[in-house]
Each structure stands twice: as structure tokens, then as C-alpha cells.
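# An overview of the molecular structure
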Amino acid sequence: MTRQKRARRGLTAVAVTIAALGLVAAAAVPAGATPTPTPTPTPTATPSPTPVPSPAATPTPTGATPPAAAPTATPGAASFDAWAAKPYLGWSSYSMQVYTGNPKWITADQIIAQSDAMKAKLGKAGYDYINVDSGWNDGVDAYGRPVPSATLYPQGLKAVIDHVHANGQKFGLYFIPGVSPAVYEAAYPIANAPGCTTHDIVKQPLQQADYWKIGYRIDFSNPCSQKYVDSIVDQLASWGVNFVKFDSVTPGSGVSDLSLDARDDVAAWSTALKAKGIWFELSWALDIDYADTWKQYANGWRVEWDVEAYAPGVQLTQWSNIARLFPRAADWWRYAGPGGWNDFDSLDVGNGTMDGLTRDERRTATTLWAISAAPMYVGNDLTDLDQFGVDLLTNREVVAVNQAGTPAQPVSTSTDKQVWYAPNADGSYTVALFNLGPTESDITANWSDLGLDGPAKVRDLWAGKDLGTFTGTFTGRTVPIHGVRLLRVTPQKGTTVALNDDAQRVTYTGTWTRNGGDEVAASTQPLQIAVGDSSTGTVPTPPASGRVVAVNDGDQGITYTGSWGQSGGRGLGDYKDDVHYTEGDGSSFQYTFTGTGIDYVTELDQSQGNVDVYLDGQYQKTVDTSRAAGQPRLAQQVVWSASGLPNGSHTLRVVKKSGAFMLLDKLDVTLASLLDPDTAVFDKAKPADVTVTLQRDGGELADIVRDGTALKRGADYTVSGSTVTIASAYLAGLADGTASLGFRFRGDAHDDIHATRTNGDTVGSTFTGTGVSWISATAPDQGSAAVYVDGKLAKTVDTHSAGRRTGQKLFEVTGLRAGQHTILVKKVSGDVLRHDVFQYTAK
């Protein structure tokens, strides 16, 4: 039996014992549990407020409509739970319960000691939550509500909570969905609900409520069920509880097929907790496909499985458990903001003798939590922090990054030298340079990738040192293995700043959605040309289409989560003679592609097992990649395919469920048909131009390249409307064989866009500068939009065009007085209005 399986069995047994005593409220997360595969989102954007335009002297652009009042639909204040305006700072007991191997470690003396240590060591930095995880309760009261353990808290849990409060801190407890069999059978009366019992509220026929099969599912169509949850929360409030962690939430917690569904529980607990102003945190590995639901009801949600290494007495966590958070942060960042935050689990960086991380890895973990605006709650024994750990956790500038509440996004996750950035409300940028690779490396941030064009001042936040002003790029030299540089980048006067539609500084009112088929991604379509000379006997024949592109397992665009290796030179018929492989259940790979189809190619063998396939956040099926014992291995097998997808960005995620191994050999991506035809023949003995018709607007063709070198427009090729002509003089210079010419098409910024179909909906931003532009798409389904600057109508813009065109500058104003201004765009007519970018000039 593996170490993880032993840990899982022990903790689950404890959970069952506790649950038998009453309310299902104290289950521990099992080690080695299979995580919920996390897809790339295609969400509906949560409507958020547009800033109220302030009066100012605004130059009216040429041809502008006379000034008018700003839209009345613009609200002036955000709507969110005030107690969750920022990610919380604090401590959670679970890492120490695992590390000590004692689920009952959470005694009154331990909790009081942690509270006192937090006040002394971390209090000035703002840490103020003490959260007690599973195992705190022991039986139930006469109304079926959990009772704190008298053994753990001989003076009562209320005395412990009072001590925490006296230290200026808040107190949290742990629950999971459902009702235990014992409470169901006892049919306890429900407090303040005459005629209701705990037997009445259980769904019939009996159904599983949680991942561990501890309790029964509650029937929330019965009003008594909400009364029962209310009665528990009333009691928590009377004790002074400020925080509830709600575990085994599904879809998530290793189950995303809706065979378990705790959304009704989440909604009921949310109703009760919001009424009392109690922070509501969901766990674990929540399914991103329901992100809007989690954001509606909760103040935080775990995006991955446990950070703990489950190595009692050896280490709290390990680097692989930190590294796997990067792709999750890349998926989830846009969902976090005031009122609700992405939860990465405990930040176990406080003592190098127990963390399981190097000093560089400890700093990198702290940086990831900080730039992601993830709740920073320590998992170490706070009475035993080393100075390096205290310095990490209390660095004033780093904690300020976290508390600013602006989650960072990656420029790309297709490399182990990653640049992450966040445009802050004050106009500065937080930029992190992460080295996830095996060697020291220089890492360069290109200002253009951040949306900047011009000079910017750079400050190293960990070093507390200004580094100077840089134009175009900044390079962090010799970033250590698994190390980081954390920077504040401040655009200087005259620098242009582009805010993508996803930026937190861009706010929406109404029914906007992100993408949903309204976006156009940048893409490259190959034209395959067979070149020959029939006069010498080399007769060119039509080549195969280039629309199916093979992506080898080593491609940098594939993100591997968990423990993976690569094996080459196997001689077994693999594509390019190599594969990636994993032995860990729950390990996964993810690939985002632009196209209309994809094939998952692996091998079939008796050592393989089942894998779960997800596409765009939706579970597709469980695929069996095994063969019967004695059957020969089969290489390059297509085990799952998708075709006929809408042309655009899609994400494939595959998760190992069983078997000794899971392999990835390659992925075959089918591109959209953007060229007609997509193959051609050129005979040097009978030279003739090659003509291709574009399936997109001709203005969207950026260039044509061969082997990375751009052809000369006007000489090597010409464009007339949607017709492209490749000159025979250029083709005659190509060697015999098949030449691939890449037609590169523009896309919306970051390949995404927001759109609305409701007149009167608005999008806006506040900026400090001297000019601003609105850049977006035009299309046949679009109409007019009104643009307001500082509360006055500046211009009504026609966004209609015969074909879909990206990146069009639809509005611009310059010469504003230096200072703070607002821009607001309101949909007036047309079927759709798309928003892509606001660009302003820093003062």
C-alpha cells in the first residue's frame, strides 16, 4: 500500500467516526484523491459596475455629437460582501493535523498558542483569521446541531473563540454537505422550525451527499432544510464564528459528472451565512465550469486539490504541489475580485525545516499567492516560524500586492520561463518573472505583452529597490531554479497603456458574455504547394492538406500537471519516437488550441487504464486505453476525437484515473478552412500565379510566411479584396518538393472579447492620462455605440462593417488635461456590441 493510500484510509476512518456522532461536519480531505480536471473557461461575465463619470473639460473630437448626459444605467458602487472586499490573511490547522499525523491536534491549547503567535509575529502585517479544520466537533445537541468536543475544549469552544477575538482576530470552523445517518435516524426537532425534523429533510430515496460517502443528501425543496441550516448558522453566530470552510463541494472534489451535486447545499449555507456576515469558503478542486455559481454564493473557492504532501513528520508540502497551481491560476484568475477569491490552499512557507521547499521555492510560492490575490493563510506551526519565513509572510510590499486584490494573468504558460502581470487600479503593473525550469535562466518581460508602449519605471519588491526606467523590455538575470523576481512596473508620461476586455479595471453593466463564439482568434493557415518541373521529369502532384497539424508530446503549449516524465528512443512506433508518461492517478495534461477538431493519440497496452476526457470544461467520457494481458502494444492510436467544433479557442484536458501508466504521444489539431483551396501545384515548366480565396475578410490577413520569413507584400504576393495571388516569380525560386506558406490572420486582442445583445448595456474604465481610445471589432451584426468621456457624450460610433474585422480604432480623443478620467461605451443599436480594448496615454 502506498503512503498516500495509507494516509487516505486513516483520515477517512476518522471522518466516518466523527460523522457517526452527528452532523456531517468534520471530514478530512483524503490524500491521493483524484482531482477534478479543470477546463479553460468560456463563462458568462459577471456584471460589474461601471465607474460614475466625473465632470471635466473634455475636448470634443471632430464630428462629435453635441454633449449629452451619461447613461443612467451606470451604478456608482460595487455590490459584494463587504467582509470579503480583500483576500483574507490568516492560518489554517489542516496542514499541521496532517504533518503531526494527529487529526485531534486542534486542542484548545494549540489554537490559543497559534492565535498568540499570530498576533506577535504576523499581526502587524494584517493576518487575523484562525481557522480550525476537521475534527472539532463531538456529537450533536437536542436539535441535531454539532457540539464542540469537550475533550479538545474542556473550557468550551466559546472560551477559545473569545481568546481569538481578544487578540483582534476572527475564528473559523469546518463543515461538509449533508446529514449523518445518526442524525437522520434520530429525527431531532429543528430549532425554531415547529413540525420540522432532521428525518424529514433527507432526500428520498437516500442519496450520497459527499465525496467520502459519510452522509445523506438534504432535500432543499423542503423548507425545513433551509431552517436546519439556518439553525446551525444561528448557533455559530452566537459562538462568534466568523468563517466557514465548506468541504467536499461538488461539482468538484474529484467528482464533476453531477453524480454528486452540492450546489443546493452551497446556496442554502450562503443564504444563512450572508445574513450573519460570515465568510463562506468552498473546497476542494471546484469545477471551473460552475465558476459563476461559486462566485454568486461564496467568498472563496479552492481551485486545486490539497497542497499537503501527506508525509507526516517529514514535510508539509512539496514543489510539485506548488508547480501544479500555475495552470490552475491561469485558468481561474479572471473570476477573482472583491467579494470572492481563488483559494490555493495553505501557504506552507514559514519554516524551512518542515516546509519541503527550498528558500527560492518558498519565495516563489509566496509570490504566486500574492500576485493571484489568493487568501494567504499559513499552514505552519506559528509558534515555530523561522526568520526567513516571517520575512516572507510580512514583507510589506508583497502583502500589499495581495491585498490590492488584482489577480495576475500569464503572458503564456507554454514555457517554464513565465511572465505574469496584473494592471493595478493606480495605473502601475505587478509583474512576476517565474523560473519553473531546471536551470538558472534570464527571463524577459516585453512591455508589448503587458499592453505597454513606452518607458516604465521598475522596482524589485522583494529587494525593496528601484531598478531604473526601461523602454521596451526588462530582463531578470539568472533567476534561480524555481525562483522568481517580483516587480512593480509604472508607466511613465507618454506611455500608452492597453487594457484588455478581461482587465479588472474594465467594468460592465448589463448582460455581457465573454467569447461564446463572438470572438475571433489569431490563427495561421498553411497553404501546401507542390513544386516541381515537368520538363525534367519531376511532375508535381497535389499535396495533402495542411489543415491537420500534429502537436508532439514535447510541445511547449501542452501543460502537464502532476508527476510526468518523457521517454524517447523507445523504438515502439511512437510519433517522433517519444512520449510523455505518468504513473500518478489525478495527473493530467491540458492543451488549448484554435481550430475545429482534435484527436488524442496515445498507445493501447495492458499497462494502461482509464482516462477522463474534458473539452472546454465539459466532461466528455472515460476512455479505456488498456489491452488484455498478452495482447500486443498498439502505437499511435486515436482513442478520442472531437470534430465539427466552432472555429475558435478550445481546451482539451485529459486526467489519469487508473492503470499503471497514462501516455501522451501527440495531438492532431484540425484547423478551420480559411483558404480555398488549401493546396496548390506549381510546375516550373508551365509557370503560373497561384490564386487563393480567403474565407475571412482580406483586411484580416497580417502576412504570409515561409520558414519564419515573411514574403514581400506587393512583390511576392498581392491582396485584392479576399483574393490572394502568389506570384509565379516567387514560386519559381522554391526548391522542388512541398512548400508550406503560412497565412497569418489577425485576431481579437488576447484572442478574446466581451459582447452584449442588449441596448443600453455599458462598458467603461477609469484612467489617469491625457488621451484614450476604444479599440474593438466591427462586423455585419453590429450597429452604433455611444462613447462618453467624463460623463459627456463625445461621439456616436458606427461599428457596422461588411465583414468581421478585428482591432479597429473606433474612437480616440487626445489633449485631455492630465488627471483622472472615465470612458464609457453604451450599446445603442445592432444585434451585438463587442468590446476588446481601452488604450490610454499615461500622464
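Above this text you will find the structure in question.
Residues numbered from 1 in each chain as written. Predicted model: local features only at pLDDT ≥ 70, side-chain atom pairs only at ≥ 80, totals over all residues. Heavy atoms only, no water.

### Describing the sheet that holds strand 2 (residues 129-131)
In space, the 8 strands of this open sheet follow the order 9-8-7-6-5-2-1-10, with parallel pairing throughout. Each edge of the sheet is formed by a strand with only one pairing partner; in this case those strands are strand 9 (341-343) and strand 10 (376-378). Strand-to-strand twist of the sheet, defined as the mean angle between neighbouring strand axes without regard to direction, takes the value 25 degrees. For strand 5 (residues 170-175) and strand 6 (residues 243-246), the ladder comprises 4 bridges, and the chain directions are parallel. In the strand pairing of strand 6, Y174 is matched with K245. Across the sheet, helix 4 (residues 157-166) touches strand 2 and strand 5, and the angle it forms with strand 5 is around 140 degrees. (Pairing = 2+ DSSP bridges. Helix = DSSP H or I, 4+ residues; strand = E, 2+ residues; numbered from the N terminus. Axes fitted to C-alpha atoms, helices over the stretch in contact; angles between N-to-C directions. Contact = heavy atoms within 4.5 Å.)

### A look at helix 3 (residues 108-121)
One turn of the α-helix equals 3.6 residues, which is why residues spaced by three or four share an orientation. Between its terminal C-alpha atoms helix 3 stretches 20 Å, which fits the 20 Å expected from 14 residues at 1.5 Å a residue. Among the residues of helix 3, A108, I111, Q114, S115, A117 and M118 are the ones counted as buried. Of the surrounding secondary structure, the elements contacted by the buried residues of helix 3 are strand 1 (89-92), strand 2, helix 4 and strand 5. (Expected span 1.5 Å × (residues − 1). Buried < 20%, exposed > 50% of the residue type's maximum accessible area, 1.4 Å probe, protein only.)

### Thoughts on the pattern of salt bridges
Under the definition given, this model contains 39 salt bridges. R805 serves as the salt-bridge partner of D697, at 3.6 Å between the closest nitrogen and oxygen. Of this pair, D697 sits in the loop between strand 38 (690-694) and strand 39 (701-706) while R805 is found in strand 48 (residues 805-813), placing the two residues 108 residues apart along the sequence. A salt bridge links R744 to D703, with the nearest nitrogen and oxygen atoms 2.7 Å apart. One end of the pair, R744, is in strand 43 (residues 737-745); the other, D703, is in strand 39, and 41 residues separate them in sequence. The class for R744 is partly exposed, based on a relative accessible area of 36%. Of the residues examined, D703 reaches a relative accessible area of 16% and is grouped as buried. Here the salt bridges share partners, and the residues they tie into one network are R570, D574, E603, D605 and R633. (Salt bridge = Lys/Arg side-chain N within 4 Å of Asp/Glu carboxyl O.)

### Section: helix 13 (residues 387-394)
Within helix 13, burial applies to F388, G389, V390, L392 and L393. Those residues of helix 13 hidden inside the fold are in contact with helix 3, helix 12 (359-371), strand 10 and helix 14 (396-404).

### A word on the state of the cysteines
Under the criterion given, the structure shown has 1 disulfide. Put simply, C196 and C224 are joined by a disulfide, and their sulfur atoms are 2.0 Å apart. Since a negative S-S torsion denotes a left-handed disulfide, the C196-C224 link at about -65 degrees is left-handed. Here C196 is found in the loop between helix 5 (181-186) and helix 6 (223-239), whereas its partner C224 is found in helix 6, with 28 residues between them in sequence. For the pair C196 and C224, one class covers both residues: buried. (Disulfide = S-S within 2.5 Å.)

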